[in-house]
Amino acid sequence: SQAVQVSKLPEYHLSYLIHLLAHHPDFEEDRPKFSYILRFLNFYLDCLLEGQKANNYALILAILDSIKLAGDKQSPGSVNVNECAELARHLVKRKYQGKDWGHQRYPGKVNLPSLLFEEKATILDGSATPYLPGF
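Everything quoted here is computed from the prediction, not taken from an experiment.

The rules behind the values
- Residues numbered from 1 in each chain as written.
- Predicted model: local features only at pLDDT ≥ 70, side-chain atom pairs only at ≥ 80, totals over all residues.
- Heavy atoms only, no water.
- Axes fitted to C-alpha atoms, helices over the stretch in contact; angles between N-to-C directions.
- Helix = DSSP H or I, 4+ residues; strand = E, 2+ residues; numbered from the N terminus.
- Parallel < 35°, antiparallel > 145°, perpendicular 65-115°, else oblique.
- Left-handed = near helix turned anticlockwise from the far one by under 90°.
- Contact = heavy atoms within 4.5 Å.
- Salt bridge = Lys/Arg side-chain N within 4 Å of Asp/Glu carboxyl O.
- Buried < 20%, exposed > 50% of the residue type's maximum accessible area, 1.4 Å probe, protein only.
- Phe/Tyr/Trp six-rings, centres within 6.5 Å; stacked < 30°, edge-to-face > 60°.

**Concerning the packing of helix α3 (residues 57-68) against helix α4 (residues 80-95)**
Helix packing geometry: the angle between the two helix axes and the distance between the axes. Between α3 and α4, the least distance of the axes is 8 Å, while the angle of their chain directions is 155°. It follows that α3 is roughly antiparallel to α4 by the angle criterion. Note that α3 runs across α4; the crossing there is left-handed. Touching Tyr57, Ile60, Leu61, Leu64, Asp65, Ile67 and Lys68 of α3 are Val81, Asn82, Ala85, Glu86, Ala88, Arg89, Val92 and Lys93, all from α4.

**Details of the pattern of salt bridges**
In the structure shown here, the tally under the stated rule is six salt bridges. The residue Arg31 makes a salt bridge to Glu83 at a minimum N-O spacing of 2.2 Å. Of this pair, Arg31 sits in the loop between α1 (14-22) and α2 (35-49) while Glu83 is found in helix α4, placing the two residues 52 residues apart along the sequence. Owing to a relative accessible area of 28%, Arg31 belongs among the partly exposed residues under this scheme. One salt bridge connects Glu86 with Lys68, and the closest N-O pair in it is separated by 3.6 Å. Separated by 18 residues along the polypeptide, Glu86 in helix α4 and Lys68 in helix α3 bring together distant segments of the chain. Classification of Glu86 as buried rests on a relative accessible area of 3%. In this structure, a network of salt bridges that share partners links the residues Glu28, Arg31 and Glu83.

**Remarks on the packing of aromatic side chains**
Here the structure, examined in full by the defined rule, presents three aromatic pairs. Residues Tyr12 and Tyr16 carry aromatic rings whose centres are separated by 6.2 Å and whose planes lie at 75° to one another, so their mutual orientation is edge-to-face. Classification of Tyr12 by relative accessible area gives buried; the value is 8%. Classification of Tyr16 as partly exposed rests on a relative accessible area of 41%. Between the aromatic rings of Tyr36 and Phe40, the centroid separation amounts to 5.2 Å while the plane-to-plane angle is 85°, which identifies the pairing as edge-to-face. With Tyr36 and Phe40 both in helix α2, this residue pair falls four residues apart, about one helical turn.

Worth remembering: the numbers are spatial, not functional.
Set out below in structure tokens:
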């Protein structure tokens, strides 16, 4: 059996969506509640997770953790992509709390699109510097 490349899965497109939303013209105005951005994230994540046995749950969290710890190549020094990834992670955790999906870690490394992201930190447990304290 041939292993599926992560970049060919629909879940991988989450990295592009996060980057796109982080550069949305209304991102700054949507702070601190992020109600506008949350609608997009909610829709996309529902499409990925709703009605699933969620064998993709660990992959989605791994993608979000990778983004949370990455740098934005288009806006060096900006933390918008990191905040957006953390926002999506909180949404996934809160919305799907109590689901019995095994909660295992994704076994591989997630490589983000190199045109958008640069590696900035090492993933330990997804609990690096919180960008949205109290969210």
